[in-house]
Amino acid sequence: MRLRRRPIALLLAVLLGAMGAWGPAGQADAATCTGDPASDAALPDCGMLLAEGVTTLTWERPSSQVALVFARFADAGGLSPGHGAIEVWTQHPRSGQWQVWGPEARRGVPSFRVLEHGQTYWFVTTQEVAWSFGVPPASYLADTQVVSLYGHPGVPFMGALGRYSAADAADEAQRVAALYDEANGERGAVGALHLIVGVAQAGPGDGTYLGRMSLPAVQVYVDETRRRGMLLFLDIQVGWADPLVEVRRYESLLRLAHVHVALDPEFATRSEGVAPGQAIGSLTATEINGVQDYLAGISTAEHIPPKMLVVHQFRDDMIVAPQDIAAVEGVDLVIDMDGFGPPFQKRWGYDRYAHGAYAEYAAFKLFYDWDRPLLSVQEVLSLSPGPPDYVIYQ
């Protein structure tokens, strides 16, 4: 059943007339919530029942992303939040302009994505829906360090992964991860493959300067890592492409809990007007936030741990307006210190980028052929101001 389209002016009139339809949303001890929509809807602190039509509430819980707050729902008609069945409206607290989360946002109405503490919202639906606020699954990085082998199949110059078959690359990644697991105490470590699926090209090709691995070719690495309990990162070098469009190509794989994303601004050179490799490229905070929002939606829909989004950086200008990067629930943003060179340079970059104010988690890349000398496991774990959450070997 789809939400009936109605003129925006009429909809706003309905909304304005619906004030007071529902009381404030409290905050519960997560331990009291069941995660079951039908059960939690009876507990105001754990969920709620949206009646058909318009439901009004004041959000008294901590500010949270809309798509993640209502991570679980149940109804008889197969309603799907954000895909035509449920919309959430609010007025901007300063301008008074109406904003929407849901389908109307795609029809030119300004959108929003965060339920702000103390703000009033109107939920519009076509039939009764039970919601559970639920408890988000824990991050992989909460108590585990990730250690990966990076590269593109059959091209050793691009990274160590290219020297191996999928199975042998997984063997090598697990071998190195075991060294960290032994050295880093209680935290533990898990092996991963960091696979370049979108390769920057010197020629324009389809206009994106990007070559892409086919889904069947990527599937080999998906299956290998899933079978072994490892993680897989799909790395996109962007070129002149839209990063969100490129990430969406792999949606069927990203719905698996162990598959994550990396973006490489170095080769995103459209703003420079030159082919990748002729200049160091950049991504904007807006582009990064767009990918984060998309990945958060997948984490919510699949009820899986937060997706990791790795962004490589070794120069200030590789991320435009990093202060505008949002902290998005359902996504672990990892900034990777991607430069090679002597240890003092790498340590400086690690502190500046991987531990920048916009970085939720820190990554550190090591280059087998270009770092002189290559830092040892213990030296990596001794990095200041703290050991990396994600270690990448290229």
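Predicted, not measured: the structure shown is a model, and the values here were computed from it.

## Brief notes about the sheet that holds strand β6 (residues 98-101)
Hydrogen bonds between backbone groups are what pair the strands of a sheet, and the pairing can be parallel or antiparallel. Pairing in this open sheet of four strands is antiparallel, and the strands run β2-β8-β5-β6 from one edge to the other. Edge positions in the sheet fall to β2 (53-58) and β6, since each has one partner strand and no second. Strand-to-strand, the axes of this sheet are offset by a mean angle of 25°, without reference to chain direction. The pairing of β2 with strand β8 (residues 120-125) spans six bridges and is antiparallel. Bridge pairing links T56 to W122 in β8.

## Some words on helix α4 (residues 166-183)
With 18 residues, α4 ought to run about 26 Å at 1.5 Å a step, and its terminal C-alpha atoms sit 26 Å apart, in line with that. Those residues of α4 that sit buried are A166, A169, A170, E172, A173, V176, A177 and Y180. On an axial view of α4, the arc spanned by its buried residues comes to 165°, and they lie on one face. Buried-residue contacts for α4 involve β10 (145-151), β11 (189-200), α5 (215-228), β19 (361-366), α10 (377-381) and β20 (390-393).

## Points about the pattern of salt bridges
Tallied over the entire structure, the rule returns 16 salt bridges. Beyond isolated ion pairs, a larger network of salt bridges with shared partners links D171, E224, R227 and R228.

## Examining the pairing of β8
Remember that side chains alternate between the two faces of the sheet whenever the strand is regular. Along β8, five of the six residues are buried, which leaves the element largely enclosed by surrounding structure. Examined bridge by bridge, strand β5 (residues 86-91) and β8 share four bridges and lie antiparallel to one another. Paired with V88 across the bridge in β8 is F123.

## Some words on helix α8 (residues 285-302)
With 18 residues, α8 should reach 26 Å at 1.5 Å per residue; the first-to-last C-alpha distance of 26 Å fits that figure. Among the residues of α8, those classed as buried are A285, I288, N289, V291, Q292, Y294, L295, A296, I298, S299 and T300. One or two residues past the end of α8 sits H303, with phi positive at roughly 55°.

## A look at the side chain of D389
Following the sequence through the fold, D389 ends up in the loop between α10 and β20. We classify D389 as buried; its relative accessible area is 13%. Reaching out from D389, the side chain makes a polar contact with the side chain of R187 at a distance of 2.5 Å. Each residue touching D389, except ones within four places of it in the same chain, is listed here: L141, T144, Q145, V146, R187, Y361 and A362.

## A short note on the side chain of S148
Here S148 is to be found in strand β10. Classification of S148 by relative accessible area gives buried; the value is 1%. Among all residues touching S148, those that are not within four sequence positions of it are A192, L193, H194, Y390, V391, I392 and Y393.

## Notes on the environment of V220
With respect to the helices, strands and loops of the structure, V220 is situated in helix α5. C-alpha of V220 to C-alpha of S165: the two residues are 55 residues apart in sequence and 10.0 Å apart in space.

## Describing unusual backbone geometry
Between R372 and P373 the backbone carries a cis peptide bond, its omega angle lying at -5°. Assignment of secondary structure puts P373 in the loop between β19 and α10. The backbone of Y209 shows a phi angle near 55°, a positive value even though the residue is not glycine. Tracing the chain through its elements places Y209 in the loop between β11 and β12 (210-212). Backbone geometry at V238 places phi at a positive 70°, although glycine is not the residue there. As for its placement among the helices and strands, V238 is situated in the loop between β13 (231-236) and α6 (243-248). On the basis of relative accessibility, which here comes to 1%, the residue V238 falls in the buried class.

## Considering the packing of aromatic side chains
Considering all chains together, one arrives at 13 aromatic pairs under this definition. Ring geometry for F340 and W370: centres 5.1 Å apart, planes at 50°, overall tilted. Residue F340 is found in the loop between β18 (331-337) and α9 (343-354), and its partner W370 is found in the loop between β19 and α10; the two are separated by 30 residues along the sequence. Relative to Y353, the ring of W348 has its centre 6.1 Å away and its plane inclined at 90°; by these criteria the two rings are edge-to-face. In this structure W348 comes out as exposed when scored by relative accessible area, which is 51%. The structure contains a cluster of three or more aromatic residues connected by ring pairs, namely F157, F340, F367 and W370. Above the ring of F364, the side-chain terminus of K346 is found at 4.9 Å from the ring centroid. Of note, K365 hangs over the ring of Y150, and the distance from its end group to the ring centre comes to 3.7 Å.

Cut-offs applied
Residues numbered from 1 in each chain as written. Predicted model: local features only at pLDDT ≥ 70, side-chain atom pairs only at ≥ 80, totals over all residues. Heavy atoms only, no water. Pairing = 2+ DSSP bridges. Helix = DSSP H or I, 4+ residues; strand = E, 2+ residues; numbered from the N terminus. Axes fitted to C-alpha atoms, helices over the stretch in contact; angles between N-to-C directions. Expected span 1.5 Å × (residues − 1). Buried < 20%, exposed > 50% of the residue type's maximum accessible area, 1.4 Å probe, protein only. Arc of directions from axis to C-beta. Contact = heavy atoms within 4.5 Å. Salt bridge = Lys/Arg side-chain N within 4 Å of Asp/Glu carboxyl O. Polar contact = N/O pair within 3.5 Å; in protein donor to acceptor, adjacent residues only side chain to side chain. Phe/Tyr/Trp six-rings, centres within 6.5 Å; stacked < 30°, edge-to-face > 60°. Lys NZ or Arg CZ within 6 Å of the ring centre and 35° of its normal.

This is a description of form; function is not addressed.
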